[in-house]
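Descriptive analysis of the structure
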Amino acid sequence: MSLIVQKFGGTSVGDVARIENVARRVVATRQAGHRVAVVVSAMAGETDSLVRLAHAAGGDEPDPREYDALVSTGEQKTIALLAMAIQRLGHPARSFTGAQIGMRTDAAHMRARIQSIDAARIHEVLGAGTVAVIAGFQGVDDEGNVTTLGRGGSDTSAVAVAAALNADVCEIYTDVDGVYTTDPNLVSAARRLSRISYDEMLEMASLGAKVLQIRSVKFAMQYGVPIHVRSSFSEDEGTWVVREEDAMEGLVVSGVTYNRSEAKIRLRGVKDQPGVAARLFGPLGEAGIVVDMIVQNVGQDGSTDITFTVPRGDTRRALAIAEQAGAEVGAAGVLADESIAKVSIVGLGMKDHAGVASRMFRVLASEGINIQLISTSEIKISVLIEEKYTELAVRALHAAFVESGAGQPRAEA
Ligand code: ADP
Ligand code: ASP
Ligand code: MG
């Protein structure tokens, strides 16, 4: 007998017929002799419409506590509906909100972090032979306020529950049948990976592959929870996210990702002297704005340019801070540009293959795509380009690195 956590995303619970389909799958797992805890998202489109309502009533920046109180209700509908559907099939099930299973988080509304879970409470329910149906995405802080974990947060709820219960596997059921070499909804030649390492998945998630929320992968890696990403509409095996030694598919580049939700801010002609970057990035950090890529040009005649990227939702606030800092350090101008995209290639094999970056730049050049910024780590290379070239860049890089010869780079001159 295994203990299995099954997470179903929005499309998988999009209407009552689909919830009944999920109920049948959960029941089949139970009938195979396993204990099952289920974590669910809100029904497809529900969180988006709650977010729109929050802005309609609360303006651009609705009160974070009330925002969480509202957007967490999507998951509450699904848990009750799924518990009913399982009961209707003749099996015991009970719904639980985050608060009801002691999903404690910090108080950072809209992007709270999980601190602990009352595993004993869930074990008790499962031990009694009941299916626990748990609301994803939501928790509760020390003061009893409802919190949410950021968009896509149900993945993290599921992996955290799996870690707390010491489950054998966390199955993530979604609308694609696994993790692909790139977004299968963008590139039809994308290929499903049978295995991927935590490190590669972490990079892919942080670089835009929204199939798993990044924090879910961090949790899984930290606690050694095997994740199995698969389709809720078929019985086929999907993709296992596992330790590096179990993951090798022998690819240099295992994935191509894109992110169209960042903006670029550029300060022109700032003084090339100590303290300028600190004056700018200090207040951005204090405002809770996560800065991604940063480039400072080589100074000329005592002045230089600083360019960085932030989430588009923070463009207005980041621009205001940059304008203020710019005025203090004598910047010649501050510009924001939202029509940019970050395209990245990811692969463990890059660690010991030279020439991957230069090949990437050649592929983009041959498509006439200009690179605005570059950033690298041991296992990824990211470039910032004009947004309108996103698809072209992703397809060209996928063709060059993945479709042709398992991502092996040609020998470099
Ligand atoms: P859910 O609602 O089940 O959580 P999401 O929409 O959050 O599902 O994530 C699944 C989507 O992730 C897919 O429909 C796909 O378009 C997208 N995606 C982006 N990159 C990848 C990738 N490399 N592999 C699989 N899916 C990807
Ligand atoms: N319902 C939330 C969202 O749409 C959480 C999730 O689905 O993972 O972001
Ligand atoms: Mg998701």
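Residues numbered from 1 in each chain as written. Chains lettered and ligands numbered in written order. Predicted model: local features only at pLDDT ≥ 70, side-chain atom pairs only at ≥ 80, totals over all residues. Heavy atoms only, no water.

Once that is clear, we can look at the site of ligand 2. Close to ligand 2 lie Ser41, Ala42, Thr47, Glu75, Phe137, Arg151, Gly152, Gly153 and Ser154, which account for all nearby residues. A distance of 3.0 Å separates an oxygen atom of ligand 2 from a polar atom in the side chain of serine 41. Its free accessible area being 260 Å², ligand 2 has 87% of it covered by the protein chains. Across the shell around ligand 2, the residue classes tally to 2 nonpolar, 5 polar and 2 charged. (Near = heavy atom within 4 Å. Polar contact = N/O pair within 3.5 Å; in protein donor to acceptor, adjacent residues only side chain to side chain. Areas by Shrake-Rupley, 256 points an atom, 1.4 Å probe, with all protein chains shown as cover. Nonpolar A, V, L, I, M, F, W, Y, C, P; charged D, E, K, R; others polar.)

This paragraph deals with the confidence of the model for the protein. Across the protein, the average pLDDT comes to 94, with 97% of residues at 70 or higher. Predicted confidence for residues 406–413 stays below pLDDT 50, and this span has 25 contacts to residues more than four positions away or in other chains. (pLDDT = per-residue confidence, 0-100. Contact = heavy atoms within 4.5 Å.)

Burial runs high along strand 9 (residues 169–174): 6 of the 6 residues are buried. Neither face of strand 9 is exposed, since Val169, Glu171 and Tyr173 on one face and Cys170, Ile172 and Thr174 on the opposite face are all buried. Strand direction decides the pairing type here: strand 1 (residues 3–8) and strand 9, joined by 5 bridges, are parallel. If you follow glutamine 6 over to strand 9, its bridge partner there is glutamate 171. (Buried < 20%, exposed > 50% of the residue type's maximum accessible area, 1.4 Å probe, protein only. Helix = DSSP H or I, 4+ residues; strand = E, 2+ residues; numbered from the N terminus. Pairing = 2+ DSSP bridges.)

Next up on the list: the environment of valine 346. With respect to the helices and strands, valine 346 occurs in strand 18 (residues 340–346). Judged by relative accessible area, which is 0%, valine 346 ranks as buried. For the pair formed by valine 346 and phenylalanine 96, sequence separation is 250 residues and the distance between their alpha carbons is 38 Å. Not counting the four nearest positions on each side in its chain, valine 346 is found in contact with Glu200, Glu203, Met204, Leu207, Val252, Val253, Ser254, Gly255, Ile379 and Lys380.

One open sheet holds the 8 strands; their spatial order is 3-6-2-1-9-11-12-10, and the pairing between them is mixed. The open sheet is flanked by strand 3 (93–96) and strand 10 (195–197), the only strands paired with a single partner. Strand-to-strand twist of the sheet, defined as the mean angle between neighbouring strand axes without regard to direction, takes the value 20°. Examined bridge by bridge, strand 2 (residues 35–40) and strand 6 (residues 131–135) share 4 bridges and lie parallel to one another. (Axes fitted to C-alpha atoms, helices over the stretch in contact; angles between N-to-C directions.)

So, on to the packing of aromatic side chains. A complete count under the given rule lists 3 aromatic pairs for this structure. Aromatic pair phenylalanine 219 and tyrosine 223: ring centres 5.9 Å apart, planes at 20°, arrangement stacked. Residue phenylalanine 219 and its partner tyrosine 223 are located together in helix 8 (residues 214–223), separated by 4 residues, close to a single helical turn. Given a relative accessible area of 16%, phenylalanine 219 falls into the buried group. (Phe/Tyr/Trp six-rings, centres within 6.5 Å; stacked < 30°, edge-to-face > 60°.)

This brings us to the site of ligand 1. Surrounding ligand 1, one finds 17 residues, the nearest of these being Thr174, Asp175, Tyr180, Asp183 and Asn185. Between ligand 1 and lysine 210, the relevant distance is 3.2 Å, taken from an oxygen atom to a side-chain nitrogen or oxygen of the residue. Notes on ligand 1: free accessible area 580 Å², of which the protein chains cover 88%. In the shell around ligand 1, the residues fall into 7 nonpolar, 6 polar and 4 charged.

Among the structural elements, glutamine 138 can be located in strand 7 (residues 138–140). Judged by its relative accessible area of 3%, glutamine 138 falls in the buried class. One polar contact links the side chain of glutamine 138 to the main-chain carbonyl oxygen of serine 72, over a distance of 3.1 Å.

In this model, asparagine 166 sits at a positive phi of 55°, which is unusual for a non-glycine residue. For asparagine 166, the position within the fold is in the loop between helix 6 (154–165) and strand 9. Among the residues examined, asparagine 166 registers a relative accessible area of 66% and is labelled exposed. Notably, aspartate 301 is not glycine yet its phi reads approximately 50°, a positive angle. Here aspartate 301 is to be found in the loop between strand 15 (294–296) and strand 16 (303–311).

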